Amino acid sequence: MTESIEVTLEQLLDARECRAARQKELIEKYKLPLVSFTINMPGLVKITSDSTILFLEGCKALVNKLKEAGLTEVYFETNDHITGFEAYYVVDTNERKLKMLMLETESEHPLGRLFDLDVIGAGGSPISREDFGNPKRKCLLCDEDAHGCGRSRKHTVEELVQKIKGIVDSYLSVY
């Protein structure tokens, strides 16, 4: 696996549009809520050994959380584009319950902070963490709002990538 394929901003924006279109297709087809899973990976290199581990562990954690709740996916799909890994899980359950399960996964799993487990309701609207009284995500390096740090470029990509590498290495040393 190569860790040096950089993507352009245009490719990232195109991938986001394609992801939104795929989410819409799946919701229209199944008329059920879905989880759209990606990895929070800074920078322009999205496929790395760390992102691969994060994605595989995240998929396992998500399926285990559904099983614990007595749920299974109606439909499941993964993609590995140069713009990053993505998975879709259509689940026959209440969208609010599904969001709670994903919030639990993000908070309980040792790698969960790096998972992006978005829940889109059967009506096509995203269910936000703030809807449940949860704060916005914090930066990996400081305690400020992650989106604010990202927009202001408070930290370098290298600092963030090294932090992620440390989290993954620590996880692998235990599990």
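What counts, and at which threshold
- Within any chain, residue numbers begin from 1 and follow the written order of that chain's sequence.
- Only residues with pLDDT of at least 70 are given local features in this predicted model, and only at 80 or more are side-chain atom pairs given and counted; all residues enter the totals for whole chains, interfaces and linings.
- The side-chain figures draw on all heavy atoms in the structure; neither hydrogens nor water molecules are used.
- For helices, the fitted axis covers only the stretch in contact; all axes are lines through C-alpha atoms, and the angles between them, taken along N-to-C directions, range from 0 to 180 degrees.
- Counting from the N terminus, the helices are DSSP H or I runs at least four residues long and the strands are E runs at least two residues long.
- For classification purposes, angles smaller than 35 degrees are called roughly parallel, those larger than 145 roughly antiparallel, those between 65 and 115 roughly perpendicular, and all remaining angles oblique.
- Should the near helix be turned anticlockwise from the far one by less than a right angle, the crossing is left-handed, and should it be turned clockwise, the crossing is right-handed.
- Contact between two residues is taken to exist if any of their heavy atoms lie within 4.5 Å; hydrogens are not considered.
- Residues were grouped as follows: Ala, Val, Leu, Ile, Met, Phe, Trp, Tyr, Cys and Pro as nonpolar; Asp, Glu, Lys and Arg as charged; and all remaining residues, including Gly, as polar.
- Burial classes: relative accessible area under 20% of the type maximum marks a residue as buried, over 50% as exposed, and values in between as partly exposed (1.4 Å probe, protein chains only).

### Here's the deal with the packing of helix 2 (residues 49–68) against helix 3 (residues 95–108)
Here helix 2 crosses helix 3 at 130°, and the two axes come no closer than 10 Å. On the basis of the axis angle, helix 2 is oblique to helix 3. As helix 2 packs across helix 3, the resulting crossing turns out to be right-handed. The residues of helix 3 that touch helix 2, namely those facing Ala 61, Leu 62, Lys 65 and Leu 66, are Leu 98, Leu 101, Met 102, Glu 104, Thr 105 and Glu 108. Taken together, the residues that form the contact of helix 2 with helix 3 break down as six nonpolar, one polar and three charged.

### Quick look at the side chain of Ser 36
With respect to the helices and strands, the residue Ser 36 is situated in strand 1 (residues 34–39). Ser 36 gets classed as buried once you look at its relative accessible area, which sits at 2%. Beyond its immediate chain neighbours, meaning those up to four positions away, Ser 36 contacts Arg 19, Gln 23, Ala 87, Tyr 88, Asp 116, Leu 117, Asp 118 and Ile 120.

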